[in-house]
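Remarks on the overall topology
Residues per chain, in single letters:
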Amino acid sequence: MPPQENNLFLTDQEKILLYKWIENGAEYEEHWAFIPPKKEKIPILNPGFIAINEIDNFIAEKLSEHNLIQSPLTDKERLLRRVTMDITGLPPTIKEIDDFLADTSENDYEKVVDRLLLSAEYGERMAQEWMDVSRYADSHGMHADGYRLMWPWRDWVIKAFNENQRYDQFVEWQIAGDMYPNATNDQKLATAFNRNHTMTAEGGVIDEEFRLSYVFDRTETFSTTFLGLTLGCARCHDHKFDPLSQKEYYQMTAFFNNVNELGMTGDDGNYGPMTPAVTPEISQKILDINKAISEQEEKINFTKNQILNISKFVQEIPSKENTKDRIFYGEFEKIEGKILDNNKNLTSSTTTEITDGFKGNAARLTGEYDELYIHEVNGFEANEPFSASLWVNTTKKDSTKTQTLMCTTGNKNSFWRGWEFYLDNNNRLNLKLINSLPHNYIQTRTQESIEINEWQNVSFTYDGSSKAKGIKLFINGKESPTEIVFDQLYKSILPIRTDNHIPVLQKPIRIGKSYRGFTGENGVFLGKIDEVKLFNAELSQLEIQLIAFPKNTNFSENVLSAFKIHQDKQVINEKSKLKDLVFQKIQLYNDISEVMVMEEMPISRKSYIYTRGEYLQPKEIVFPSTPQVLNNFSDDLPKNRLGLSNWLFDEKNPLTARVAVNRYWQMIFGKGIVESSNDFGLQGSRPSHPKLLDYLSVSFMEEGWNLKWLIKKMVMSYTYRQSSKLNEKDKEIDPSNKFLSRSPSYRLQAEMIRDNSLAASGLLVKKQGGESVKPYQPGDLWIEKSSFSHILLNYRQSQGDSLYRRSLYTFVRRTSPHPAMTIFDAPSREVCTIKRENTSTPLQALVLLNDPEFVEAARVMASRIQEEGGKSVEQQIQYAFRLTIGRKANSEELKLLEELYEKQARYFTKNPIEASKLLAVGESKDFVYENVSKSAALTLVASTIINHNEAYMKR
Amino acid sequence: MSYCGNENKNYNRRAFLAKTSLGLGAMAMGSLINPLIANSKSKPINTFGGILGNPHFAPKAKRVIYLFQSGGPSQAELFDYKPILEKLQGTNMPESVIAGQRLTGMSSGQASYRVVGSKFKFDKHGESGAWVSELMPHTAKIVDELCFIKSMNTDAINHDPAITFIQTGSQFPGRPSIGSWLSYGLGSDNENLPSFVVLVTKGKQGAQPLYSRLWGNGFLPSQYQGVQFRAGKDPVLYLDNPPGVSADNRREQLDYIDKLGRLSHDENGDPEILSRMNQYEMAFRMQTSVPEIMNISKEPDHIYKMYGEDSKIPGTYAANCLLARRLAERDVKFIQLYHQGWDAHGGLPGLMKRQCKETDQPTAALISDLKQRGLLEDTLVIWGGEFGRTSYSQGIITADSYGRDHHPKCFSIFMAGAGIKKGFSFGSTDEFGYNITSNSVHVHDFQATLMHLLGIDHERLNFKYQGRRFRLTDVHGKVVNEILA
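On a predicted model such as this, the values are computed, not experimentally measured, just so you know.

1. Considerations on the overall build of chain A
Scanning chain A from N- to C-terminus turns up 30 helices and 22 strands. With respect to the three principal axes, the spread of C-alpha positions in chain A is 110 × 80 × 60 Å. A burial count over chain A gives 55% of its 955 residues as buried. Counting contacts in chain A only where the partners sit at least 6 residues apart, residues at least 24 apart contribute 70% of the total.

Written out as structure tokens, the structure is:
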């Protein structure tokens, strides 16, 4: 019951309906959509109706109930255009029209449908629809709205449709492909569906607040897309109308909550978890290099063991610390201005206090503006061994904060790339080598903590293996037992600039504070620092001991044998080979694009009910489960996304098939059988043809969720093939065409309108897949709103073929989507859209008349029709009409267009310069116009045809 | 109608046409021009074309000019005078004042939160005695026209969610903007111009971003989205004829598009064809009406002087203020300006000087200009941003500089004109300007009040989408009656 404040009242009609229901016994039945569909009996056809397939029987039944009749079949030309547009999103070619007109065989139409379903363009058309549903975009959507690379997933979608992958599998992969045993690249890639949501990189946001919002988005997109449920209503409270509780909402979120992801990302680029988007050849290369690396590692181990077995003596024990590999030494004896020790490569951000140190003096760091820098040290790559050592005496131990000792790691806008040696919130030693958080780094930490208010030597060594076990940590010269926190590094760790992602050769090493910023956790070190040393080699433990206790000569046997291995020529040689291999691996991976995908964390994150959906207010813990009103989530199913995808396609699920069938019905007929295609709940519309919906849904499942079967079934029906003409009777009884006594007619989608004119002009470039492209776009629409993303700072228009690709490939920037698309109701892709609006505005007229896209198409068409259309102007105009509208113009239409031509030709003959200007619109230069004024006049005629409603309406 | 909006939404376009005698023009209702008004220059008595038909009650305001100051202008340097900040400068903020407040990651890591006072002097102005700092000398002169709200507050602590919240009622993308709700509800009063026009100051690169969604239609049909008018050629995207095509060519072409359309209508009987023909005519009219309004060259010198030198440079805030007046004169319902750059995390004094120099004079001029034309009576002018700034300094306080972080718990805005008290100040904050001490005005309250002034009950203008009736104010919002005249 809606609360009183909602001001909802029953209409008189509704009251009467209720009275009637009570009079008739007030029988209560569960909401239709929650009862699994049954295969309904095909109704018997009343006389006077035609049925080509079962759809027509169901449609005819309703028509007779409402005293309506079917319309006659439409003509062949219109039918061909209609079905070609619906199945491929493109118009038929003249040859296809002629062939179809000439084909008098009984199955002429079916042949066409089969041809279209096999065409490569079918997959693109289906993908176009899926892009709205899956809120696909090429930018992040919030704040900086920077670049993201997800198009390999879009290409996988096209491929899946073209291969006619079963719908259940198509969806299951997208929900849980990563969780399949030995998941293939495609299965992992498919899960990008759940990472298409918007993300923020705004500095200072609270990570958990946004991370949770992504989980909510996944949950709600899942519910809307696959179940037609408005589960989002239950985020703050139990659903007001549908039997969905707040608890159930959060149980659903638990499926999507176990991703190791960030709430605050960087302005540009992808963030983990990711999967490489690779060709089989590259895949093989990856396998090869990884194999070579492990072989080399084994070889080194083998050599090491051999050495240990041969002899126990070290030929020469050094008596002094290693200075050969030392590339920096800071003593902190004095400060002048901001320069310490008279060394321009050791500076302070302020005037750091110099105080008593471990040896001589030391630097005392007292706060957040007090960091030190080491300059002119080349950055280390992940395959390069390096070590560092320093003396620290810290006053701080804060369970919520870390303390940076030395680092080059960047901030969110450089993926935090670099290395960081720090004390964590428990004052344990940590070393992190980062390519990108949260997925591409290694981290090792000590189990023990260092003391506060006491001088201690802390050191690390790293062997260049890009593995976490290659890190050793030392406290007071003693190797400290460690644990590996994260162990996945396969790309470069060289720091990059935040504003253009170009590597920085010598990023100053910061001491005493991180470069992170934006998070409130800045790694501020408090206390004293002394004797900082940096080595471009992996030091042995013996060498580290010599740093901590220079006078020590008494080494344990282990330390001695380790040193022996360390010194061994063969080991050094083999390690150098390994270094090369690791470098090769890094190079290989650096060039590979990765797509954001789902990946389950080994230990599930706890999921909660949040009061009013607010991240600060977790209440009770919940576990993954599905709404009770639907089919039971079987105990046999794993309580994760894999289980969820199985549950979704359980034949007892009352919604999955219906929702899918309805969405594709909407795609073909313009409107769903359930008109509220995004809401099958109690507030949604009732199906216009419930029996038909159920019949098709059950059949769809029986046919193995075969989408091509489903589409074919729809377009083969008589209902689809009817004329779309509106007669007086229909206008009165069924103005909205709910009962389909005629074929639906409506404005085509934004993409189809543009693609139609590209195809008609011959400009269309049919290349499939690849990076998104940037066709003409007026103004400085990007930079005038935002200058945070460096990759998307200015709209850089594509060149050449990329200007003429299908609109499916047009770059989608969410906070500033392509205006011509938006004007024709294309959504911004910020959220999942199941159903587009279909409006009519003056701006649409302006686009079709003035957008260079359409003007160029018109003038290129003017060239094409003179070349291909025949000799006479009449023939040429007729050709343009057929190219754009898919049928021959009738004599009246032709007469009008010829009249227009004559008038325009007169004008352009008098104004040849104007004619030339018009013929210069757009980038395409391949067209020579012999007769400039004629061509200009024909351009306006072509433009008029593009603006004719039959060009942009489905008829 | 028992409730507004939803029925009409489900109302099919053709059904609507079939059942109303209004005919075709109804199609174009929305932000894009209301064709129902006859071709006369006289102002209509009633507003047509919105889903509400008539407003819920008599509106005080016929139109709104919303001067959005993006980035979070600092109330402490402008209107919310707190002398204690200067006195205690450099000391730590009392724990009792900042306790419990969530901070952004920009300053939450600070070891100390040091009080910082305004570097700019405050004075009392006008008969109302409103405190305004020296940064806003022109605004100071018109304080007796203004109603300050010093107790604004919001839920978000970062720009994107905060600006999305105040402009669409939700912190996350997907909802219609204020202007598109108004277009949806009220339609248009002008036959040649959109009812929702957006003007953005040019050249503010580096500032916090804007997003199309701020003037977007969300789940409402796209005719309700704001139309951006831009400085320079093509003031509305795609407005200009292609090179080589004259107005006469175009007229002729349109005539033939129309003739073909009529043939097609005779054959198909689809009323949508005729509605589309109407859109072409409106597009044609816009080709004249928009450049005409954008051409400010005929404004007299004293007007330029009033708005400041910048007003001659297209795309400046000053020029946009002048345009706003011209749009208001032509009854554009919702005129939304954006001026970016108020995000003073550091270097606040310099930044504030720059921002105020760009905006102070034009804002004051706009209000005075509207007044002298008698337009202020039924035009609501709003000045404000998405949140305020902290009373403590972000970063180090130096001799001539400091910064302030985002502060959602209080900020100052002002309103003027239709239905609003003059020379009035509402709401107060504690002595540090950190917490509200009286008369809190939440963003949803502000939105409810805005709608109220336009004759809309914010609880009754809603739209059913995905099973829920959405409205601008979500499930919140109270009209702030105390500020109503």
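Following the structure, the description resumes.
2. Observations regarding the overall build of chain B
Across its full length, chain B carries 13 helices and 19 strands. Taking 23 Å as the expected radius of gyration for a compact globule of 485 residues, we find that chain B reaches 23 Å, a close match to that expectation. The dimensions of chain B, computed from C-alpha atoms along their principal axes, are 80 × 50 × 40 Å. Put simply, chain B has 485 residues, and 62% of those count as buried. For chain B, long-range pairs separated by at least 24 residues make up 76% of all intrachain contacts whose partners lie at least 6 apart in sequence.

3. A look at helix 16 (residues 641-648) of chain A
Residue and element names in this part refer to chain A. With 6 of 8 residues buried, helix 16 lies mostly within the body of the structure. Residues of helix 16 that are buried: Arg641, Gly643, Leu644, Ser645, Trp647 and Leu648. Along its buried surface, helix 16 packs onto helix 8 (167-176), helix 10 (207-227) and helix 17 (656-669).

4. Quick word on the interface of chain B and chain A
Facing 77 residues of chain B, the contacting portion of chain A comprises 95 residues. Among the elements that make up the side of chain B that touches chain A, the one with the highest residue count is helix 8 (residues 247-268) of chain B (12 residues). Its residues assigned to classes, the side of chain B that touches chain A shows 33 nonpolar, 28 polar and 16 charged.

5. Considering the packing of helix 26 (residues 873-885) of chain A against helix 29 (residues 932-946) of chain A
Residues and elements named next belong to chain A. Viewed as axis vectors pointing N to C, helix 26 and helix 29 meet at an angle of 35°, and their least axial separation amounts to 10 Å. For the element pair helix 26 and helix 29, the recorded crossing hand is right-handed. Contact residues: helix 26 offers Gln876, Ile877, Ala880, Phe881, Thr884 and Ile885, while helix 29 offers Leu938, Val941, Ala942, Ile945 and Ile946. Considered class by class, the residues forming the contact of helix 26 with helix 29 number 9 nonpolar, 2 polar and no charged.

6. Topic: the environment of Phe219(B)
All names here are of chain B. The topology assignment puts Phe219 in the loop between strand 7 (196-200) and strand 8 (227-228). C-beta crowding within 10 Å serves as the criterion here: with 20 such atoms nearby, Phe219 is assigned to the buried category. Along the backbone, Phe219 and Gln466 are 247 residues apart, and their C-alpha atoms lie at a distance of 9.6 Å. Not counting the four nearest positions on each side in its chain, Phe219 is found in contact with Pro176, Phe463 and Tyr465.

7. Thoughts on the sheet that holds strand 8 (residues 372-374) of chain A
Residues and elements named next belong to chain A. Read from one edge to the other, the open sheet built from 10 strands follows the order 3-4-5-8-18-10-11-12-13-17, with strand pairing classed as antiparallel. Of all strands in the sheet, those bounded by a partner on one side alone are strand 3 (335-336) and strand 17 (482-488). Summarising the sheet, strand 4 (residues 339-340) and strand 5 (residues 343-348) pair through 2 bridges and their orientation is antiparallel. Paired with Ile339 across the bridge in strand 5 is Thr347.

8. What about the nonpolar core?
Counting residues in each nonpolar core, the largest one holds 195 residues, and the members touching the most others are Met861(A), Ala880(A), Val941(A), Ala324(B), Ile335(B) and Val381(B). Apart from the residues lying within four places of it in its own chain, the contact partners of Ala324(B) are Ile65(B), Leu199(B), Ile335(B), Leu337(B) and Leu366(B). Listed in part, the 185 residues of the second largest apolar core include Leu212(A), Tyr214(A), Leu229(A) and Val458(A).

9. Structural notes on the environment of Val392(A)
Residues and elements named next belong to chain A. Checked against the element boundaries, Val392 lands in strand 9 (residues 386-394). For Val392, a count of 27 C-beta atoms within 10 Å translates into the label buried. Measuring from C-alpha to C-alpha, the distance between Val392 and Ile452 comes to 9.2 Å, with 60 residues separating the pair along the chain. Not counting chain neighbours up to four residues away, the residues in contact with Val392 comprise Leu405, Gln456, Val458, Gly527 and Ile529.

10. A short note on helix 12 (residues 348-372) of chain B
Residue and element names in this part refer to chain B. Taking 1.5 Å per residue as the helical rise, helix 12 with its 25 residues ought to reach 36 Å, and the 35 Å between its terminal C-alpha atoms agrees with that figure. At Cys356, helix 12 is bent by approximately 35°, the largest bend along its length. Among the residues trailing helix 12, Gly374 stands out with phi positive, at a value near 75°.

11. Looking at the pairing of strand 7 (residues 361-365) of chain A
Residue and element names in this part refer to chain A. Among the 5 residues in strand 7, 5 count as buried, and that is most of the element. Covered by surrounding structure in strand 7 are Asn361, Ala363 and Leu365 together with Ala362 and Arg364, the residues of both alternating faces. The pairing of strand 6 (residues 353-356) with strand 7 spans 4 bridges and is antiparallel. Paired with Thr355 across the two strands is Ala362, which belongs to strand 7. The hairpin formed by strand 6 and strand 7 contains 4 residues between the paired strands, and Gly360 there has a positive phi angle of roughly 65°. As judged from the 3 bridges shared by strand 7 and strand 19 (residues 527-535), these two strands associate in the antiparallel manner. Its bridge partner being in strand 19, Leu365 is matched across the sheet by Gly527.

12. Looking at the packing of helix 17 of chain A against helix 18 (residues 690-702) of chain A
Residue and element names in this part refer to chain A. At a minimum axis distance of 9 Å, the contact between helix 17 and helix 18 shows a crossing angle of 105°. Compared by their axis directions, helix 17 and helix 18 come out roughly perpendicular. Here Ala657, Arg658, Val661 and Asn662 of helix 17 lie close against helix 18, whose contacting residues are Leu693, Leu696, Ser697, Phe700 and Met701. Split by residue class, the contact of helix 17 with helix 18 holds 6 nonpolar, 2 polar and 1 charged.

13. Structural notes on unusual backbone geometry
All names here are of chain A. For the bond running from Gly272 to Pro273, omega is 0°, close enough to zero to count as cis. In this fold, Pro273 is placed in the loop between helix 11 (246-253) and strand 1 (274-276). Leu437 connects to Pro438 through a cis peptide bond whose omega is 5°. You can see Pro438 is positioned in the loop between strand 12 (428-436) and strand 13 (440-449). With a phi close to 55°, Asn427 is a non-glycine residue in the positive phi region. Looking at where Asn427 falls in the secondary structure, it is placed in the loop between strand 11 (418-423) and strand 12. Positive phi outside glycine occurs at Ser466, with the angle close to 65°. Structurally, the position occupied by Ser466 is in the loop between strand 14 (456-462) and strand 15 (471-475). Classification of Ser466 by C-beta neighbours within 10 Å gives buried; the count is 26.

14. Some points on the confidence of the model for chain B
All names here are of chain B. Here chain B averages 89 in pLDDT, and 90% of its residues register 70 or above. Here residues 1-30 is a poorly scored stretch, pLDDT under 50, and it has 65 contacts once near neighbours within four places are set aside; other chains count. Counting contacts from residues 33-48, a segment whose pLDDT is below 50, to residues more than four positions away or on other chains yields 40 contacts. The ipTM, which scores confidence in the relative placement of chains, is 0.91 for this predicted complex, and the corresponding pTM is 0.93.

15. Description of the pairing of strand 5 (residues 146-153) of chain B
Residues and elements named next belong to chain B. With 8 of its 8 residues buried, strand 5 lies for the most part within the structure. Pairing of strand 5 with strand 13 (residues 411-417) involves 5 bridges; the strand directions are antiparallel. Considered in strand 13, the bridge of Leu146 is made with Ala416. As defined by bridge partners, strand 5 adjoins strand 14 (residues 424-426) across 3 bridges and the pair is classed as parallel. In the sheet register, Ile149 faces strand 14, and the bridge partner there is Phe426. Summarising the sheet, strand 5 and strand 17 (residues 441-442) pair through 2 bridges and their orientation is parallel. Bridging from a neighbouring strand, Met152 pairs with Val441 of strand 17.

Quick notes on the rules
- Residues numbered from 1 in each chain as written.
- Chains lettered and ligands numbered in written order.
- Predicted model: local features only at pLDDT ≥ 70, side-chain atom pairs only at ≥ 80, totals over all residues.
- Helix = DSSP H or I, 4+ residues; strand = E, 2+ residues; numbered from the N terminus.
- Buried ≥ 20, exposed ≤ 12 C-beta atoms within 10 Å, placed from the backbone.
- Contact = placed C-beta atoms within 7 Å.
- Rg over C-alpha atoms; globule rule 2.2 N^0.38 Å.
- Nonpolar A, V, L, I, M, F, W, Y, C, P; charged D, E, K, R; others polar.
- Axes fitted to C-alpha atoms, helices over the stretch in contact; angles between N-to-C directions.
- Left-handed = near helix turned anticlockwise from the far one by under 90°.
- Pairing = 2+ DSSP bridges.
- Core = buried A, V, L, I, M, F, W, Y, C linked by C-beta atoms within 7 Å.
- Expected span 1.5 Å × (residues − 1).
- Bend = angle between axes of the 7 residues up to and from the residue.
- Parallel < 35°, antiparallel > 145°, perpendicular 65-115°, else oblique.
- pLDDT = per-residue confidence, 0-100.

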